[in-house]
Structure formats: structure tokens, C-alpha cells
Amino acid sequence: MGPGVTKSTIDLGVITDLSGPFATVGNALNQGAQIWFDELNTDGGICGREVKLDVRDSGYDLPKSISLYSEMEADVLGFQMILGSPQMAALGPKMEEDDIFVMPGSWASSLLGRKNGLIVGATFDLEMINGISWMMDEGLIKEGDTIGHIYLQGELGENALAGSTYAADQLGLTLVGQEVPPTATDVTSQVTTLKNKGVKAILLSTTPGQTASAAAADDASGLKVPLLGSNPSWAPQLLGTAAGDALKEHYYVAQSYQLFNADVPGAEKVREEYAAKYKDEPIAVIPWSYAAASAYSAILEKACENGDLTREGVLAAYPEITELDTGGIMPPLDFSDPSEPPTRSVLIARPEDNPLGGLKLVREAETSDLAADYPMPQG
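The notes below deal with the structure included here. Keep in mind it's a predicted model, so treat the numbers as computed, not measured. (Residues numbered from 1 in each chain as written. Predicted model: local features only at pLDDT ≥ 70, side-chain atom pairs only at ≥ 80, totals over all residues. Heavy atoms only, no water.)

### Thoughts on the state of the cysteines
Where we set the bar: The rule for a disulfide is simple: a pair of cysteine sulfur atoms within 2.5 Å. Put simply, DSSP H or I for four residues or longer makes a helix, DSSP E for two residues or longer makes a strand, and each gets a number counted from the N terminus. Type-normalised accessible area, obtained with a 1.4 Å probe on protein chains alone, sets the label of each residue: buried when under 20%, exposed when over 50%, and partly exposed for intermediate values.
Per the counting criterion, the structure on display carries one disulfide. Across a sulfur-sulfur distance of 1.6 Å, Cys-47 and Cys-304 are joined as a disulfide pair. When the S-S torsion is 100°, as for the bridge of Cys-47 with Cys-304, the disulfide is right-handed. Of this pair, Cys-47 sits in the loop between helix H1 (23-42) and strand E2 (50-57) while Cys-304 sits in helix H10 (residues 286-305); the two residues are 257 residues apart in sequence, bridging distant segments of the chain. Judged by relative accessible area, Cys-47 falls into the partly exposed class, the value being 31%. Taking relative accessible area as the criterion, Cys-304 reaches 22% and is therefore assigned partly exposed.

### Describing the sheet that holds E2
How we decide: A pair of strands counts as paired when DSSP detects no fewer than two bridges linking them. Note on method: axes are straight lines fitted to C-alpha atoms, helices fitted across the in-contact stretch only, with angles between N-to-C directions ranging 0 to 180 degrees. Note on contacts: a residue pair is in contact if any heavy atoms of the two residues lie within 4.5 Å.
The four strands are arranged E2-E1-E3-E4 in an open sheet whose pairing can be described as parallel. Whereas interior strands pair on both sides, the edge strands pair on one side only; in this sheet they are E2 and strand E4 (101-105). The mean angle between the axes of side-by-side strands here comes to 20°, regardless of whether they run parallel or antiparallel. Across four bridges, strand E3 (residues 78-83) lies against E4 in parallel orientation. Each residue of the ladder has a partner; that of Phe-79, found in E4, is Val-102. Where H10 meets the sheet, it contacts strand E1 (9-16), E3 and E4, and its direction lies at approximately 170° from that of E4.

### Digging into the sheet that holds strand E11 (residues 359-366)
Taken together, seven strands build an open sheet; the order of strands is E6-E5-E7-E8-E9-E10-E11 and the sheet is mixed. The sheet terminates laterally at strand E6 (174-180) and E11, the two strands that pair on one side only. Sheet twist, expressed as the mean angle between neighbouring strand axes with direction ignored, is 20°. Note: strand E7 (residues 202-205) against strand E8 (residues 227-229), three bridges, orientation parallel. Across the sheet, the residue bridging to Leu-204 is Gly-229, located in E8. Of the strands in this sheet, strand E5 (146-152), E6 and E7 are in contact with helix H6 (residues 188-196), which crosses E6 at around 165°.

Pasting the structure below:
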């Protein structure tokens, strides 16, 4: 047995944001994962061992994340979650040196090609490519239009921008980018710049607070163009802000996992368990977190089946998972090639006043022709 494994327990680390710009998402990620692991432990755990999560708050601060990793690494089998593309980029070489298996709370394609990084879903660039293709199909934008993209500094924003740049080049669109730091709360000036450029739509790879600011500015300025967000840009609490009506009118989100209110077995199970455990209003990412925890567990189960519940055994088991069923939360996931995302499909949703995640489905998950042909970048 390796680090983090005893005769009765498997210890996994979690480094997340419980107090910073992605705290709403970080808390929800923990909730979804905990629902899965509570179920798993009730059913006997993995290899007859209880799985325990050691959850630490980074506040989305990069130096603190690095310090927490150093503090926790020797005592865990792997990291069930490290939230943040910058965190994963900075820690990547050390994680490879440590042979430790990590699931990033990120969908950046720069993480592809690593033997020890589990991306669950379509990457940020694929979200944008699929989303822009859908907007073209729906007539929301057309060839020759100018579109804007407000994006975060760091791998989330840069990877999403790579997707929007590719789609714009392929579809005859002009793209205007506006970079913002994660700490920014007001993006009115960026929206104003894009309005002056004559944009017909705005892409948002932003924090939820920045999404609300962009929607409010889009509406108040009279621009009133469609907004399309990367999946971390949304939280249902935004409907209770002054931007709520503007979001319902103009905003869409592209993501590779089903909505909290979806009529699929996995989402139904999450709803039932969430209602029993938590009183918070659920947010959209909870089903993904549940499904992602099941993916991590499937790899640990395979390592157990192979008789090697060490870090090396977990790494060897990872590409053996070729068609993971998440109860319909996501398309079947294929991890056999770490240089490829396990799916390229993305659904489209938009805000709606409801108590189950604040979104309604617009289009089921599909892979556009443009996304299918996209050459994936590698880390």
C-alpha cells in the first residue's frame, strides 16, 4: 500500500476555494463530491476501505494552494480535487514528480496529455467552439459579425479564448478580446469597449460576479446582445441580483454536464441526496462534481481490481476506463487517451427562475462539426 492508504481508509486531498472569487462554485463542488462519497462509503467504500476527504481552503490564492499541496501531499493517495487552472499549471511538474493522481477543478485543455490529470468533460475551448457554432445555427450571429470575449487572466480565460479565436477564424467572424483579473468586480468598461467595436454577441469566461456585471452593462447601455458563458461563469444566485432580468433575457451557458433538474437517473439521485443533506440553493455544477467524483472512484476501483492500490497503480488504471456511465449526467466518458478530452459534447442552457439550479435546457449535448475537427492543444 502507498501513501494515504491503510487497511481501513483511503485518504484523498481537496484544495478548493471556499472564501475567494470562486467560493460559490468551490462549496458546490464539495457538496456534489461529498454526496457521491457518502453513498460510496455506505456501500462499502473502495477495496473495503472508507474514502475520506481532507478539504482545505485556498481562497483561490496561488501561493496558498502551493503551500497546501506541500503540506498535504505525503499523507494522501491522490487529490480528488484541486480547484483552479493556475493552480494546476503551477503544481503540474511537482505532481508528476510525485506520481500523484489529481482531478483538476478545471476544464483547461492545457492539462491534456498528462498521465496524472483527470479532466472530466469538454474543455473550455470546446465549450466556446460548440457554443459559437450553436449561435451561428440559431441566427444569433452571422458570418462577418464582430463578437467580443471578456476572459479571465490565466488558463481558464486563455483556453476559452483559444476556442473562440479558432471558431471566429473558421466561421468568418471578427473577435475582440478583453482580459480581466479574477479580482475584478466591475466589467462595465470592457462592455463599453466592445459596444464601441460594434459587437453582436459577447462571450464570458468570467467569475459569476463579473457575469452579472457584464449582463447589467449590456442591458443598461442599450447594447442588449446575446451573452454566452463558459460553465464557471454561472451561479443561480445571480438571478437575485439587479442583473437577474438581463441575464434571463440575454445570457446562455455552454457546459458538458446535465442540469440539476435534468430527467436522468444521476441527476435524480443528486437531487434526492442534496435535499436530504443541504439547505443551500443548489448550483449547476453539483451534478458535474458528483459525476466527476464517480470517475475518480472508478479509477481507484480499477486499481483495486488490479491489486495495486498505490500511486503507480492508480496511474496505470486511469486509461483503462473507456466507457464510464455517470447516470446520464454526462455522455459516456472515455479516458483511454489522456491527450483527448473524454467527451467533446456541450449542451446549451439559459437562466430561469426555478429552485433547482436556476437554468433550463435549450439544447441537449452535441458535438458541432467544428468541435469534432478541432485539433486539441496539449499541455
